[in-house]
Amino acid sequence: MDLITTLQALNACHGPSGDEREIAETLSRLCAPYVDDCRVDTLGNLIAHKAGRGPKVLFASHMDSVGFIVTHIEETGFLRLGRLGGITPSSVLHTPVRFRSGIKGLVAAEQGLARKALTLDDLYIDIGAADRAEAEGMVALGDTAVFDAPVFAAGAHKIVSPYLDNRISCVALLMAMETITQHENDLYFVFTAQEELGLRGARTAAYGIDPDYAIAVDVTACDDMPGAKHTASAVTGKGAGIKVMDHSVICHPAVVARLEALAAEHGIAAQRDMMRTGGTDAGAMHQVRAGVTTGGISIPCRYIHSPTELADRRDVAAAADLIAAFARAKLEV
């Protein structure tokens, strides 16, 4: 599976939080050769099942992205917007965006305002409309927009792309599925919906599946940029992150230990993942029903929730290998 080609195919889909139908359809086609069946549940999660007689193991990678939603159309044709997920106004200024229909535009801000002081109310999308009537012929209230930026290689190992959070983890899950041919565990690969709005899809998927183990596969913040404040521990190029904690979860010590043992056994590059802020689907899954034995496998990513994020191919491959190793491991209920 070619990483960049697959990532480009996923990024070509429209898939902001709450509107994941298109990305779910593409992922369903991509994972179909490697699983026994796929289905989409009520909330929009794509659930791919690879049947086994052992414990139920749920791997969750969220497929939704942050984005914008049109809340008002001005007389002059400019669009006022709301945000879907965590977006910092100053980081998206002058970013190209596209709507499901193919209409494109640009995020801009009212004149005369300091960049650092910008709020969402100061932003608008310019789609080139001359007035409200023309704009209403192009978009409607409630339409959603996503970043429209390219995918490209940087240096020997790095990839730059919008929505590495969390399309790159979806690719890692697909890469792992491709290699899992023999297994005893009952495997569920879930591409979750509405993670960016509060881990919503993971909560309902985990409740329905009722797994014995759950692993959230997501990106994690990095500590390797100039001026880093050490609020995270991961470093790009050092391997898969084995999550210990973030703001949403303290991972089960037995899962942390097992992932570290599997990495050592199979020669998989790995590092501990600690984040003071932010969260993943693990935060919802570990609290479902009477509790689920939960951990996380992370891909270090720079510039999360910006229009251009950066990750390392070697970390993606390591994450895929660790997912596959846990899926094949002998697990106790």
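Residues numbered from 1 in each chain as written. Predicted model: local features only at pLDDT ≥ 70, side-chain atom pairs only at ≥ 80, totals over all residues. Heavy atoms only, no water.

Our next topic: the packing of aromatic side chains. All chains considered together, the criterion is met by six aromatic pairs. With centroids separated by 5.5 Å and ring planes inclined at 15 degrees, the aromatic side chains of F59 and F189 adopt a geometry described as stacked. Note that F59 is positioned in strand β3 (residues 56-62) and F189 in strand β12 (residues 186-192), a separation of 130 residues in sequence. A relative accessible area of 0% places F189 in the buried class. Taken together, the aromatic side chains of F59, F189, Y213 and F326 make up a single cluster linked through ring pairs. (Phe/Tyr/Trp six-rings, centres within 6.5 Å; stacked < 30°, edge-to-face > 60°. Helix = DSSP H or I, 4+ residues; strand = E, 2+ residues; numbered from the N terminus. Buried < 20%, exposed > 50% of the residue type's maximum accessible area, 1.4 Å probe, protein only.)

The element strand β2 (residues 46-50) is largely enclosed, with a buried count of five among its five residues. Here β2 shows two buried faces, one formed by L46, A48 and K50 and the other by I47 and H49. Where strand β1 (residues 37-40) lies against β2, four bridges are found, and the strand directions are antiparallel. In the strand pairing of β2, R39 is matched with I47. Hairpin connection, β1 to β2: the antiparallel pair is bridged by five residues, and G44 has positive phi, about 105 degrees. (Pairing = 2+ DSSP bridges.)

A word on helix α8 (residues 313-328). Along its 16 residues, α8 runs 23 Å from first to last C-alpha, staying within 8% of the 22 Å computed at 1.5 Å per residue. Along α8, the positions that sit buried rather than exposed are D315, V316, A318, A319, A320, L322, I323, A324, A325, F326 and A327. Between the side-chain oxygen of the N-cap and the backbone nitrogen of R314 there are 2.8 Å, and the N-cap of α8 in question is D312. (Expected span 1.5 Å × (residues − 1). Polar contact = N/O pair within 3.5 Å; in protein donor to acceptor, adjacent residues only side chain to side chain.)

Attention now goes to the state of the cysteines. Tallied over the full model, the rule gives zero disulfides. Not part of a disulfide, C31 finds its nearest cysteine sulfur in C38, a span of 3.5 Å. Free cysteine C301: the closest other cysteine sulfur is in C222, separated by 6.6 Å. Of the residues examined, C301 reaches a relative accessible area of 2% and is grouped as buried. (Disulfide = S-S within 2.5 Å.)

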